[in-house]
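Structural features, examined
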Amino acid sequence: MHSERTVASALASYLRQAGVTRVFGYPGESVVEFMEAARDSGPAMIAAIREASAAFMAEGAAMRTGGLGVCLSTLGPGSTALLNGVAGATLDRVPMLAVSGQVASSREQYWKHQVVDQGRLFGPVTKLAARLEAGSADTVLRKALRTATAERPGAVHLTVTTDTFGMTVEGGDGTVPPLGPATGSLDFFGEDPLRQLRGARRPVLLAGGGAVRCGAGPALAELATRAGLPVVVGAMAKGVLSEDHPYFAGVLDMAGHRVIWDLLATADLIVTAGFDAVELITPWRLSVPVLHVDTTPNTDQVYPAATEVVGNVAAALSWLLASWDGAPRWQEAEVAAHRAALRDGWQAGYTPGRLNPSEVVTTVRAASPAGTVVTTDVGSHKITAGQAWSAYAPRETLITNGLSAMGFGLPAAIGAAASAPGPVVCLAGDGGFGMTATELAVAARLGLSLVVVVFSDGSLNRIELHQAALGYPLTATAVDRVDIPVLAESLGCDGIRVENVSGLEKALSTAFSGRVRPLVIEARIDTSQYAAQY
Ligand SMILES: Cc1ncc(C[n+]2csc(CCOP(=O)(O)OP(=O)(O)O)c2C)c(N)n1
Ligand SMILES: [Mg+2]
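Residues numbered from 1 in each chain as written. Chains lettered and ligands numbered in written order. Predicted model: local features only at pLDDT ≥ 70, side-chain atom pairs only at ≥ 80, totals over all residues. Heavy atoms only, no water.

**What about the coordination of the magnesium ion (ligand 2)?**
Protein ligation of the magnesium ion (ligand 2) involves Asp 430 (OD), Asp 457 (OD) and Ser 459 (O), the donor distances falling in the range 2.1 to 2.2 Å. Taken in sequence order, the residues that donate to the magnesium ion (ligand 2) follow the motif D-x26-D-x1-S. Of this pair, Asp 430 sits in helix α17 (residues 430-436) while Ser 459 is found in the loop between β17 (451-456) and α19 (461-469), placing the two residues 29 residues apart along the sequence. Among the residues examined, Ser 459 registers a relative accessible area of 5% and is labelled buried. (Donors = N, O, S within 2.8 Å, 3.2 Å for Na, K, Ca; no water. Helix = DSSP H or I, 4+ residues; strand = E, 2+ residues; numbered from the N terminus. Buried < 20%, exposed > 50% of the residue type's maximum accessible area, 1.4 Å probe, protein only.)

**Remarks on the site of ligand 1**
Surveying the vicinity of ligand 1 reveals 17 residues, the closest of which are Ser 380, His 381, Asp 430, Gly 431 and Gly 432. His 381 places a side-chain nitrogen or oxygen 2.9 Å from an oxygen atom of ligand 1. Ser 459 is positioned such that a nitrogen or oxygen atom in its backbone is 3.0 Å from an oxygen atom of ligand 1. Among the elements of the structure, α15 (380-388), α17 and α19 are those that each provide at least two residues to the shell around ligand 1. Taken together, the residues of the shell around ligand 1 sort by class into five nonpolar, nine polar and three charged. (Near = heavy atom within 4 Å. Polar contact = N/O pair within 3.5 Å; in protein donor to acceptor, adjacent residues only side chain to side chain. Nonpolar A, V, L, I, M, F, W, Y, C, P; charged D, E, K, R; others polar.)

**A word on the sheet that holds strand β16 (residues 424-429)**
Here six strands make up an open sheet; going across it, the order is β15-β14-β16-β17-β19-β18 and the pairing parallel. For this open sheet the edge positions go to β15 (397-398) and β18 (494-498), each flanked by a neighbour on one side alone. Here β17 pairs with strand β19 (residues 519-524) via six bridges, running parallel. By the bridge assignment, Val 451 is partnered in β19 with Leu 519. (Pairing = 2+ DSSP bridges.)

**A short note on the pairing of strand β8 (residues 203-207)**
Most of β8 sits inside the fold, with five of its five residues counted as buried. The side-chain alternation of β8 yields two buried faces, one formed by Pro 203, Leu 205 and Ala 207 and the other by Val 204 and Leu 206. Note: β8 against strand β11 (residues 269-273), five bridges, orientation parallel. Residue pairing in the sheet places Val 204 in a bridge with Ile 270 of β11. Pairing of β8 with strand β9 (residues 231-233) involves three bridges; the strand directions are parallel. Paired with Ala 207 across the bridge in β9 is Val 233.

Structural data, given as structure tokens:
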């Protein structure tokens, strides 16, 4: 430990202890002291092109690693720019610490220039928005870390006045509290869950982010197999059950969504496994009973559940499994027939001879090495990719399906690629790509061999479809055409435009071997599939 601990060095030390190796941010005078304190021992500071992207980079890093994502901004305009990514972490249930500087304490209560009340700004989009002060720095830092990582995880924002960073922290040498979900006991509410499950003839499992965070994949796979339960997952839990598992039954509210809802409607019991109602895009209209299994009681009440098993999701599923002595409820062949119908659903509107969105997804998937991490942005391409991209392990498909903010995909891919080895692909719409395209310079600066595929349709397709469905003329939904390969090249990347599958395959043939520059592929798609599936 340093002989004199300052607030800046204490913050850096807590972050290192929490396993944080990178802070994504953008400098300003008010946070220079912190950057200096972290310069030698870490965490390393990665400068984004703007704060909004830095927050999404931190979110992508945390989604990939399961650890804490950290972003940093200066006061006022820096902090207001962070907001979307911070809200994203909270609604996507990703542990995040966001730190913003502030004008000196002596002026904080009356100064006007660049001062916003950051506590009130971040309050509604975080689990906690607090002020870091020298006298309580240890406690507040422990509280911030514990709050961000406790179930359900989310963002914490800390405001630090510029003079505070240099102040001495009194007392002990601050060690981090335990982080992450409990591993042990279960609480039971309502009816007997075992009787409910045993009594069901057509039960279906619905898994979500809580299952990922609890490492419940193996228990989920075993319960699905032994009890013969089809497993539907939320988009943010993709890979918690390998999608080549015989009981995998698809992703909720992505392409082919009606087929999934039809399956759920035929069930006589839905057993949730860490499913989070934040992932529902369409209303819950089912009258099927629900057995709610999660780290959190069913406080949302988006669906009613007469029975709740609350605690570690892996422990809860193992407990159900240990008591299961019935015959499999569904045959593998029935689930395979459902998957075939789902496949027809997400391929509907396929136009031979054109570059179909689902084909872009499956072609990129086929070319990607095992263990490739994919991020998506938000729009019609996300709805397609959420279903058509095959996921085989958790934390490899990074999708925002809580806040669902455009502008997530590329920064999240950069954050993920900077935080863990292995190939990373970003699938983005041309609208969302345009919001953050200059961040490609960061990917180039860091030497990340990202592959970015832009679903180029000249439109905010998802919104166009809505306007068309209402019979309205299309207004403000055209995306200005820019020369994407030229843009990419100017930012230190390679760029190529493709108009058909063979062109895409050719572009991908060297994408994953020995590349040092990021590659941007503009895929000129035909949007008939989107329209057919809306
Ligand atoms: C920051 C933000 N602004 C607006 C929206 C609303 N929205 C959802 S999808 C979409 C269209 C996205 O267009 P694009 O990125 O081109 O993807 P596409 O739908 O064409 O695949 C919009 C505007 C949003 N989710 N996030
Ligand atoms: Mg588009």
